[in-house]
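So you can see what is in the structure, the chains are spelled out below.
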Amino acid sequence: MKTAKPNVVLILNDDMGFSDIGCYGGEVETPHLDRLAANGLRFSQFYNTARCSPSRASMLTGLHPHQTGVGILTYDSGPEGYAGNLNQRCVTIPQVLKANGYRTYMSGKWHVASSLTKPTDTWPLQRGFDEFFGTIIGAGSFYDPNTLTRGNANAEHEARAEGFFYTDAISDQAVAYIDQHASKHGDQPFFEYVAYTAPHWPLHAHEADIAKYKGRFDAGWDALREARLEKLLASGILKDSWKLTERDPSQPPWTQAQADEQFRAWTLRCMEVYAAQIDRMDQGIGRIIAALERTGQLDNTVVIFLADNGACAEDIPEGVTIDELVNKLMIARSTTRSGEPVHFGNDTGRMPGPENTYQSYGTAWANLSNTPFRLYKHWIHEGGISTPLIVHWPNRITDKGGIRHAPGYLPDIMATVLDIAGTPYPSSFEGRAVDPLEGRSLLPVFGQDGGARPPMFWEHEGNAAVRIGQWKLVKRYPLDWELYDLEADRTELNDLAAKHPAKVADMAAQYDAWAARCGVIARDRIVALMSSQGVTRAFWEKDE
Ligand SMILES: [Ca+2]
């Protein structure tokens, strides 16, 4: 039965750059995302929050991460605003929708709870989902994920099934929920949150998918960055006047890097596996779209796709021991399911992909992934927070294939979803007051691009920014504020701070007021507090 209220399928992926997927200029084959883009909208200036947990906390609640209790990651040793658990002053999208007649399903990565093995009031079922299958922790093996959970119960044994692969399991479950909903609850609308872990490290992928990309990156990161920029300009996503940033100064030119044959073979394989991770996700998204079509729901469903932060330049392992990865952080297994040892680290003598490897693709490829922007996950420069945003809604979006340049960020997702559902944001929930919504609905922008919006603010580990109109004031801890005119210089090449001191002072004052209001704690104090608690440094703090 057709429902009057639209369904919403919110698809988030993990640690992917701005220009990796086909419809944003990349080499990865993403025909299903490209189809959504061709029949829907692509946003050119949508922003996330630079890191897994805070991005998820912000997107699910419409607030800033510090307001929700997830200031950095999900360690429970942080001070107020950094407890690593969604607090009781926020309410999630599924909580509000469920209270307003929606069925709610989640498949994939949660990562906004500090308790990894015992259900708490910050696990998915206690935060508004009728059904949940996925992982509580933020990363892990794609063949044998830690903290795999169904409902409130451990489900790690499900990874023992022949052919289990987490990306496929997330897709299959998302499809099953759609089919199950159609047969059992067809008179209700539904909200489905699909949170892929691809292409977050470790580099795990199917050989058949990796083989598709053999040779695809042989031109190297320098030439491919140029090629991506050309495609982004030709598509109208970026403006001609914006220049490509220089190659990350810590990385060699491709002509030099490829001279070492062992390194060349290994690093190309890394990028091929990364591409295969995204490819496999896109195949799953194709099955989700097919399920919506099969159940007659595609036209009445809003499908939203975005990434949780920019591409990731972390090496494996970086500042932590294998013991910490396996036992303390719970993001790795020391052996495969058949008992072989897992080999950790970016060892150029071992090709990534199989279950017995645990590697990442490194800075130079992350630099390609974020073309044409600067910096990576952890930072608030454009490379850290710029994400593709695709919105597909046949019943309402008439400008098929259109591009929207209006800026937006994660708190807008809740505002938009509630607007789509015709459901107001509550001032209180289950008898407790909740903080006012920080986001703005993008629904008007679906019809027409542009329009003024209030300032946007970010903070992550002392890295910070405020954007007001075309102006962005941004700081890379522990350096000073930089000022960019994004209308003229989206790639942040020309720092105008010295030229406009009054504007810097005004924007910095607005930032300070926001930071105080939202409970941002200064980086130096956080370092002291968390170090004293013995929290592993490398994974919550990223330096130069
Ligand atoms: Ca992430």
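Protein-derived coordination of the calcium ion comes from D14 (OD), D15 (OD), C52 (SG), D308 (OD), D308 (OD) and N309 (OD1), at a distance range of 2.2 to 2.7 Å. When the donors of the calcium ion are listed by position in the chain, the intervening gaps give D-D-x36-C-x255-D-N. Placement of D15 in the loop between β1 (7-13) and α1 (31-38) and of C52 in helix α2 (residues 52-61) is noted, with a sequence separation of 37 residues between them.

Turning our attention to the environment of D240. When you line up the elements, D240 lands in the loop between α7 (220-235) and α8 (254-257). By relative accessible area, D240 is classed as exposed at 60%. Taking the C-alpha atoms as reference points, D240 and L229, separated by eleven residues in sequence, lie 9.5 Å from one another.

Its location among the elements puts P478 in the loop between β18 (471-475) and β19 (481-485). P478 sits 429 residues away from T49 along the chain, and the two C-alpha atoms are 19 Å apart.

Further remarks concern the sheet that holds β18. Taken together, four strands build an open sheet; the order of strands is β16-β17-β18-β19 and the sheet is antiparallel. The open sheet terminates on both sides in strands that have one partner only, identified here as β16 (456-460) and β19. On average, each strand axis in the sheet is tilted by 10° relative to the strand beside it, whichever way the strands run. One ladder, built from five bridges, connects β16 with strand β17 (residues 463-468); its direction is antiparallel.

Before going further, it helps to examine empty space enclosed by the protein. What the rule picks out here adds up to six cavities of 30 Å³ or more. Approximately 60 Å³ is the volume attributed to the largest cavity. Lining the largest cavity, in full, are D15, P199, H200, W201, L203, Y274, C312, E314, S360 and Y361. Class assignment for the residues of the lining of the largest cavity results in six nonpolar, two polar and two charged.

Right, let's get into the packing of helix α9 (residues 261-294) against helix α11 (residues 362-369). The contact between α9 and α11 brings their axes to 10 Å, and the two run at 45°. By the angle between their axes, α9 is oblique relative to α11. At the point where α9 passes α11, the crossing takes the right-handed sense. Residues T267, L268, M271 and Y274 of α9 form the contact with α11, whose participating residues are W365, L368 and S369. Residues that form the contact of α9 with α11 fall into these classes: five nonpolar, two polar and no charged.

Scoring rules and cut-offs
What you see as residue numbers is a count from 1 along each chain, following the sequence as written. Only residues with pLDDT of at least 70 get local features here, since the model is predicted, and only at 80 or more are side-chain atom pairs given and counted; chain-wide, interface and lining totals rely on the full set of residues. With hydrogens and water excluded, all non-hydrogen atoms of the structure serve as input to the side-chain values. Each metal site lists N, O and S donors within 2.8 Å (3.2 Å for Na, K and Ca). With water left out of the atoms, a site can look as if it is missing ligands. The way it works is that DSSP assigns letters per residue, a run of H or I at least four long becomes a helix, a run of E at least two long becomes a strand, and they are numbered from the N terminus. Working definition: with a 1.4 Å probe on protein chains only, accessible area under 20% of the residue-type maximum means buried, over 50% means exposed, and in between means partly exposed. When DSSP finds two or more bridges between a pair of strands, those strands are recorded as paired. In this description, a line fitted to the C-alpha atoms serves as the axis of each element, helices being fitted only across the stretch in contact, and the angle between N-to-C directions of two axes falls anywhere from 0 to 180 degrees. Definitions used for this entry: grid spacing 1 Å over protein atoms alone; cavity, a set of points where a 1.4 Å probe fits but cannot get out; pocket, an open set with protein on both sides within 12 Å along at least 5 of 7 lines; lining residue, one with an atom within 4 Å of a point. Grid points are joined across faces, edges and corners, and a volume is the space filled by probe spheres set on the points. In this classification, the charged set is Asp, Glu, Lys and Arg, the nonpolar set is Ala, Val, Leu, Ile, Met, Phe, Trp, Tyr, Cys and Pro, and all remaining amino acids, among them Gly, are polar. Angles are sorted into four bins: roughly parallel if under 35 degrees, roughly antiparallel if over 145, roughly perpendicular if 65 to 115, and oblique for all others. In this scheme the crossing of two helices becomes right-handed for a clockwise turn of the near helix relative to the far one and left-handed for an anticlockwise turn of less than a right angle. The contact definition used throughout considers only heavy atoms, calling two residues in contact when any of these lie within 4.5 Å.

Taken by themselves, the reported measurements are silent on function.
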